[in-house]
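# Summary of structural features
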Amino acid sequence: VASVRLRSVPVDQEGKMPKAGKVITGKLVAERKSTNAYVVFKNEESVAKAVFAMNMKPIEGRHARVDAAAAPSSRANEAKAKALSADL
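Since we're looking at a predicted model, the values are computed, not measured.

With that out of the way, let us pick up the confidence of the model for the protein chain. The predicted structure's coordinates, where accompanied by low pLDDT, should not be read in detail. Looking at the protein chain as a whole, its pLDDT mean stands at 76, while 80% of the residues score no less than 70. Mean pLDDT across the elements of the protein chain ranges from a minimum in helix 3 (residues 72-87), with 54, to a maximum in helix 2 (residues 44-54), with 86. For residues 82-88, every residue scores under 50 in pLDDT, and the model assigns this stretch zero contacts once sequence neighbours within four places are set aside.

Spelled out as C-alpha cells, the structure:
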C-alpha cells in the first residue's frame, strides 16, 4: 500500500478539534454508516487481490464495496482519446 485517504467520515460536529483528530480519537456519528476510503497500491497485482478478497465482505455489520479505479490522469487521457476518436 502506497497511501490511504478517508473521505466522507461522519464526525461529531461539536467541539473545536480538527476533523482528522476526531477520526483518530473515534468521535464519530454512529447513525451514519458510510465512509469512503481510497487506497493506492504499489502494483496492479495487489489491486486485484484486494478486490477479490474484500469486495462485499462484512465488516462490523456493514458490507465493503471494493473496486478498482484508474488514476485521475489516466482517466483524463482516456476521455480525451475517446473524444478525439469520436470527432474524427
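Scanning the model with the defined rule gives two salt bridges in all. When the shortest N-O distance is used, the salt bridge between D67 and R65 registers 3.2 Å. Neither D67 nor R65 differs from the other in exposure class; each is exposed.

Relative to the helices and strands, A2 is located in the segment before strand 1 (3-7). It is 5.2 Å that separates the C-alpha atoms of A2 and F41, two residues lying 39 residues apart in sequence. Each residue touching A2, except ones within four places of it in the same chain, is listed here: V40, F41 and K42.

What counts, and where the lines are drawn
Residues numbered from 1 in each chain as written. Predicted model: local features only at pLDDT ≥ 70, side-chain atom pairs only at ≥ 80, totals over all residues. Heavy atoms only, no water. pLDDT = per-residue confidence, 0-100. Helix = DSSP H or I, 4+ residues; strand = E, 2+ residues; numbered from the N terminus. Contact = heavy atoms within 4.5 Å. Salt bridge = Lys/Arg side-chain N within 4 Å of Asp/Glu carboxyl O. Buried < 20%, exposed > 50% of the residue type's maximum accessible area, 1.4 Å probe, protein only.

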